[in-house]
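So the chains spell out like this:
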Amino acid sequence: MSKNKNTYLAKQIVAWYQINGRKDLPWRKNISVYKVWISEIMLQQTQVATVIPYFKRFIKEYPSLRSLIKASEDDILALWSGLGFYRRAKNIFLAKEKIKQDFKGRFPKNFDDILSLPGIGQSTAGAISSIALNNPHPILDANVKRVLKRFYGKDFNEKELWDLSKMATPQKNVFEYTQGIMDIGAIICTSKKKDCDLCPLKSNCSSKNIPLAKKIAYKKINPTHHLTYKLLIYKKKYLLFKKTDKTFWDGLWVPAEGQVKNYIKNIKTQHSTKVTHKLSHLNLKINIDIIHVNKLESIRTNSEHKWVAFNEIEKVAIPAPIKKVINNEQNYSV
DNA sequence: GAAGCGTGGAG
DNA sequence: TCTCCAAGCTT
């Protein structure tokens, strides 16, 4: 790749960012390495608009690394409830534990130290370094991949893209460059459309060599997975169990599966609802029996469980489709 | 290296 | 309604 083209790319993006960048995003105000870290984890495979309310809630609860240090995994998962890819929340817990143990409670500034934290890979470490610390490390997210492929006019492989991103990343103004190229990818040069008129790279771009939509080799069919839950409700409280299998929703709280057979004699009212829900690798068909009971019984299980009051639901990590059913039931019950 | 891991928005 | 896919990392 020509050096001139690299120089042009960085220069144009930096200038564009200074005028048109999305500086109003919550993680771009009062920037700290802690907040950049949290935002970058939330933004993995997740769009900006989705992240914003979760980020605000998280920072309101834990405004600083110091405040996060005391949090439990459950606390962090609860703030992640509905955002998906829950391993990210577990890794935030593990990372802050490592920060406490190995880095005296201070977020590391050295690139390899940042990269050593759970949940932080090459690209996220690059983003934290360049955005929060102004150190010129490349990133390679979906935006950068797309913009580079189109600008240089070739469908590069992963390694070529890393090399290219490294060459294109400027030594100066890396803060503006890194955020600018992501903004351009998210606003102007998206996967489904190209607003070339608005693009600062248009006079030297080779995107006409790259078709907008890529062909799909084959479409993978996800298997269907059936779930049967019994949502027990007693005096405005829900009985929830902590899920411990790794398949999906590991560590989240869901209704009973088979643990409450002895409740059959205490049923006050009962109705059921069916919901379908798509995970990235499974199609779920969920049947939930919603059972109001009039008496408490002992529960025969080794799995962790608790009764959660209506108004405490937001403090528990519950999968999105289950939370919808609960909210729906709550609306009917009042 | 490929599969696993959630959810919701866009077209 | 359906398909794609998004500020990726881990195993």
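A quick note: this is a predicted structure, and the numbers were derived from the prediction, not measured.

Trainee: Can you walk me through the layout of surface pockets in this structure?
Mentor: Empty space among the atoms becomes apparent when a probe as large as a water molecule is rolled across them. Of the voids in this model, the largest pocket is the one considered here, and its volume is about 1200 Å³. If you go around the largest pocket, you meet 39 residues; those closest to its centre are Gln45, Asp141, Ala142, Asn143 and Arg146. Elements with a minimum of two residues in the lining of the largest pocket: helix H2 (33-42), helix H3 (48-61), helix H8 (122-132), helix H9 (142-152) and helix H11 (174-187). Residues belonging to the lining of the largest pocket are distributed by class as follows: 16 nonpolar, 11 polar and 12 charged. Space inside the second largest pocket adds up to approximately 870 Å³. Lining the second largest pocket are 28 residues, with Gly84, Phe85, Tyr86, Arg87 and Ser280 sitting closest to its centre. Within the residue set of the lining of the second largest pocket, elements represented by two or more residues are helix H6 (87-102), strand E4 (267-278) and helix H12 (320-333). It is H6 that provides the largest number of residues to the lining of the second largest pocket, a total of 4 residues. Within the lining of the second largest pocket, the residues separate by chemical class into 9 nonpolar, 13 polar and 6 charged.

Trainee: Can you walk me through the domain arrangement of chain A in this structure?
Mentor: Often the size quoted for an interface is simply the accessible area lost on bringing the parts together. Domain annotation of chain A identifies domain 1 (3-204) and domain 2 (224-333). Taken together, the contact pairs 8 residues of domain 1 with 16 residues of domain 2. Of the roughly 780 Å² buried between domain 1 and domain 2 on both sides combined, carbon and sulfur atoms contribute 48%. It is Asp74, Ser81 and Tyr86 that lose the most area in domain 1 upon contact with domain 2, and together they represent 51% of the buried surface on that side. Between the two partners, domain 1 and domain 2, sit 2 salt bridges. Here Asp74 and Lys242 are joined by a salt bridge, their closest N and O atoms 3.2 Å apart. Where domain 1 touches domain 2, the interface holds 3 residue pairs in polar contact (both at pLDDT 80 or more).

Trainee: So what exactly am I meant to see when it comes to the packing of helix H1 (residues 3-20) against H9 here?
Mentor: Orientation of H1 relative to H9, taken along the N-to-C sense of each, is 135 degrees, at an axis distance of 12 Å. Taken as axis vectors, H1 and H9 run oblique relative to one another. Between H1 and H9 the crossing geometry is right-handed. The segment H1 lies against H9, with Lys5, Asn6, Tyr8 and Leu9 engaging Leu148, Phe151 and Tyr152. Split by residue class, the contact of H1 with H9 holds 5 nonpolar, 1 polar and 1 charged.

Trainee: What exactly am I supposed to notice about the environment of Pro118 here?
Mentor: Tracing the backbone shows Pro118 in the loop between helix H7 (111-115) and H8. A relative accessible area of 24% means that Pro118 is categorised as partly exposed. Sequence separation between Pro118 and Tyr238 is 120 residues; the distance between their C-alpha atoms is 33 Å. Dropping the residues within four chain positions of it, Pro118 is found in contact with Asn91, Leu94, Ala95 and Lys98.

Trainee: Is there a simple way to think about the protein's contact with DNA strand C in this case?
Mentor: Within the structure, DNA strand C sits among 28 residues, and Leu43, Gln45, Gly119, Asp141 and Lys219 are positioned closest to it. At 2.9 Å, a side-chain N or O of Arg87 approaches a base oxygen of DNA strand C. The separation between a phosphate oxygen of DNA strand C and a polar side-chain atom of Asn143 is 2.8 Å. Those elements that provide at least two residues to the surface near DNA strand C are H8, H9 and H11. Partitioned by chemical class, the residues of the surface near DNA strand C number 10 nonpolar, 10 polar and 8 charged.

Trainee: What is the right way to look at a positive patch on the surface in this model?
Mentor: Positive charge collects at one region of the surface, where Arg66, Lys70, Arg106 and Lys109 lie side by side. Among the secondary structure elements, Lys109 is positioned in the loop between H6 and H7.

Reading the values: rules and limits
Residue numbers here run from 1 along each chain, matching the order of that chain's written sequence. Note on labels: chains are lettered from A, ligands numbered from 1, in written order. Whole-chain, interface and lining totals are the exception, using all residues; otherwise, since this is a predicted model, local features are given only for residues with pLDDT of at least 70 and side-chain atom pairs are given and counted only at 80 or more. With hydrogens and water set aside, each side-chain value is computed from the structure's full complement of heavy atoms. The definitions used throughout rest on a 1 Å grid laid over the protein atoms alone, on which a cavity is an enclosed set of points accommodating a 1.4 Å probe that cannot get out and a pocket is an open set flanked by protein within 12 Å on both sides along at least five of seven lines; lining residues are those having an atom within 4 Å of a point. Grid points are joined across faces, edges and corners, and a volume is the space filled by probe spheres set on the points. Only DSSP runs of H or I covering at least 4 residues are called helices, and only runs of E covering at least 2 are called strands; the numbering of each starts at the N terminus. Under the convention adopted here, Pro, Cys and the residues Ala, Val, Leu, Ile, Met, Phe, Trp and Tyr are nonpolar, Asp, Glu, Lys and Arg are charged, and Gly plus all remaining residues are polar. Domain boundaries shown here were taken from an automatic or database domain assignment. Here, two residues are considered to be in contact whenever any of their heavy atoms come within 4.5 Å of each other. What counts as buried area is the accessible surface, traced by a 1.4 Å probe, that two parts surrender upon association, with contributions from both included. By convention in these notes, a salt bridge is any Lys or Arg side-chain nitrogen within 4 Å of a carboxyl oxygen on Asp or Glu. Polar contact is defined as a pair of N or O atoms within 3.5 Å, subject to the rule that within protein one atom must be able to donate a hydrogen and the other to accept it, and that residues adjacent in sequence are counted only when both atoms are side-chain atoms. The angle between two axes is taken between their N-to-C directions and runs from 0 to 180 degrees, where each axis is a line fitted to C-alpha atoms and a helix contributes only its stretch in contact. Orientation labels follow simple angle bins: below 35 degrees gives roughly parallel, above 145 gives roughly antiparallel, 65 to 115 gives roughly perpendicular, and whatever is left gives oblique. With the far helix as reference, a near helix turned anticlockwise by less than a right angle produces a left-handed crossing, and one turned clockwise produces a right-handed crossing. Each residue's exposure class comes from its accessible area (1.4 Å probe, protein chains only) as a fraction of the maximum for that residue type: buried when under 20%, exposed when over 50%, partly exposed otherwise. One heavy atom suffices: a residue is near a molecule or strand as soon as one of its heavy atoms comes within 4 Å of it. Patch building starts from residues that exceed 30% relative accessible area and form no salt bridge, then joins like charges within 9 Å and nonpolar side chains (Val, Leu, Ile, Met, Phe, Trp, Tyr) within 5 Å. For the accessible areas, the method is Shrake-Rupley and the probe is 1.4 Å, while residue cover comes only from the protein chains on display. Only four residue types enter the tally: Lys and Arg on the positive side, Asp and Glu on the negative side, with His and both chain ends excluded. For the purpose of locating charges, the reference atoms are NZ of Lys, CZ of Arg, CG of Asp and CD of Glu.

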